[in-house]
Amino acid sequence: MAELLQVPRLKLYLDFERVLTEPQLTALRAMVKRRAEREPLQHIVGSACFCGLNFAVSPAVLIPRPETELLAERAWESLQRLARQPGSAPPSVLDVGTGSGCLAITLAVKCPAVTVHAVEISEAALAVAISNARQHGISDRVLFHQSDLLAALPKELRFDLIVANPPYIATPELETLQPEVRNYDPRLALDGGVDGLAFYRRLASEAPARLHSQSTLMAEFGDNQADAVAEIFRSQGWTIDKLARDLAGNLRIIIARGPVY
Ligand SMILES: C[S@@+](CC[C@H](N)C(=O)[O-])C[C@H]1O[C@@H](n2cnc3c(N)ncnc32)[C@H](O)[C@@H]1O
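These notes cover the structure that comes with them.

What counts, and where the lines are drawn
Residue positions are counted from 1 within each chain, in the order its sequence is given. For this predicted model, a pLDDT threshold of at least 70 governs which residues receive local features, and a threshold of 80 or more governs which side-chain atom pairs are given and counted, while totals over whole chains, interfaces and linings are taken from all residues. Note that the side-chain values use all heavy atoms of the structure and ignore hydrogens as well as water. What counts as a helix is a DSSP run of H or I of at least four residues, what counts as a strand is a run of E of at least two, and both are numbered from the N terminus. A 1.4 Å probe rolled over the protein chains alone gives each residue an accessible area, and that area as a share of the maximum for its type sets the label: buried under 20%, exposed over 50%, partly exposed in between. Should DSSP find at least two bridges between two strands, the strands are taken to pair. When a carboxyl oxygen of Asp or Glu lies within 4 Å of a side-chain nitrogen of Lys or Arg, that pair is called a salt bridge.

## Things to note about unusual backbone geometry
Phi is positive for Arg38, close to 75 degrees, though the residue is something other than glycine. With respect to the element layout, Arg38 can be found in the loop between α3 (22–36) and α4 (41–45). The class of Arg38 is partly exposed, set by a relative accessible area of 36%. The phi dihedral of Asn224 falls on the positive side, at around 60 degrees, and the residue is not glycine. One can find Asn224 in the loop between β7 (211–220) and α11 (226–235).

Written as C-alpha cells, this is what we have:
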C-alpha cells in the first residue's frame, strides 16, 4: 500500500475522481480506524516531516514537532556563522536526547562543514536515528553514542554548540496529555521529573565541561517554563543571551553561554 501513503498533495486534487481498488480501500479503512483510535498519523504512515526533511519514526521515538524547527533553525544559523569565521576549525555540535535524530541530522544536512555528535539513552531510539542518518547520506558526519546525558561521551570531546530538546513534561501532567501523546510517544521522551525541569538542572551543571569556553547551549522548553529554566542556568553561572518565541508566540528556547572557568 506504499503508493497510497506517498501521494503528493497536488495529486490529491489533480486525481480527485480516482476510484480506489477494493484492496486499497480495505487498507485505507484500516488506517482510518487506527487514526480514529487516536494513533498519530505519523505512526500510521511511518514517517514525519521536519525542516523539509523526511524522518522514519516508530513507537521508540518522539514524533518530531514543528516547534522544534525553531531550535534547528537557530542552531544551523549559529553553526553557519561559526563556519564562516576566517581561520576557524570546522565547528562541532552535540545533540542531547536525539530520538529520531531529527535535530542532529538536519544540522548535518544544512551545515556540511560541521561534525555532529548525538547522545540518546534508548537503544531502540538510537537504532531509528542511525537508520535515518543512513537514509540522508550523512552517516560519516553524525556520530551516535548511547549515553545517560553526557556521561558516556569520550572524555576528550568538547563542542562549539550543544542543542537539546529534553523531556520536559512534569510527571503529574503526563496523564492529562492528549491520547496521541500520552499513549504513543515514549514516556522516556516526555517525563521531565516531578516539576518537568530535571533535565535542565543536569544540563546546566554537566554541559559546561563539554563546551569550549563561553560556547553556546540552545534548549527547548515547555509552556510557562521560561522563567524557571532561565533561573536554573543563571544560578549555575550561565549568561542568558536570548529566550526566543516559536511561531505560536510562546517562549520556547533558551540560548545561553556557558560559565567562564
Ligand atoms: C523530547 S525527546 C526529543 C527527541 C528529538 N531530539 C526531537 O527533538 O524530536 C527527548 C529524548 O531524550 C531521550 N532521553 C531521555 N532521558 C535521557 C537521558 N538520561 N540521556 C539521554 N537521552 C535521554 C529520550 O529517549 C528522547 O529520545
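Once the structure has been displayed, the description carries forward.
## Some details on the pairing of β7
Within a regular strand, the side chains alternate between the two sheet faces. The buried fraction of β7 amounts to 7 of the 10 residues, a majority that puts the element mostly inside the structure. When strand β6 (residues 159–164) meets β7, the two strands line up parallel, connected through 5 bridges. Within the sheet, the bridge partner assigned to Val163 lies in β7 and is Met218.

## Section: the pattern of salt bridges
By the definition in use, this model includes 15 salt bridges. Between Arg257 and Asp241 there is a salt bridge; the shortest N-O distance is 2.7 Å. Taken as a pair, Arg257 in strand β9 (residues 251–257) and Asp241 in strand β8 (residues 239–245) lie far apart in primary sequence, 16 residues in all. With relative accessibility at 24%, the residue Arg257 sits in the partly exposed group. One network of salt bridges, with partners in common, ties together Arg35, Arg38 and Glu180.

Everything listed is a geometric property; what it means functionally is a separate question.
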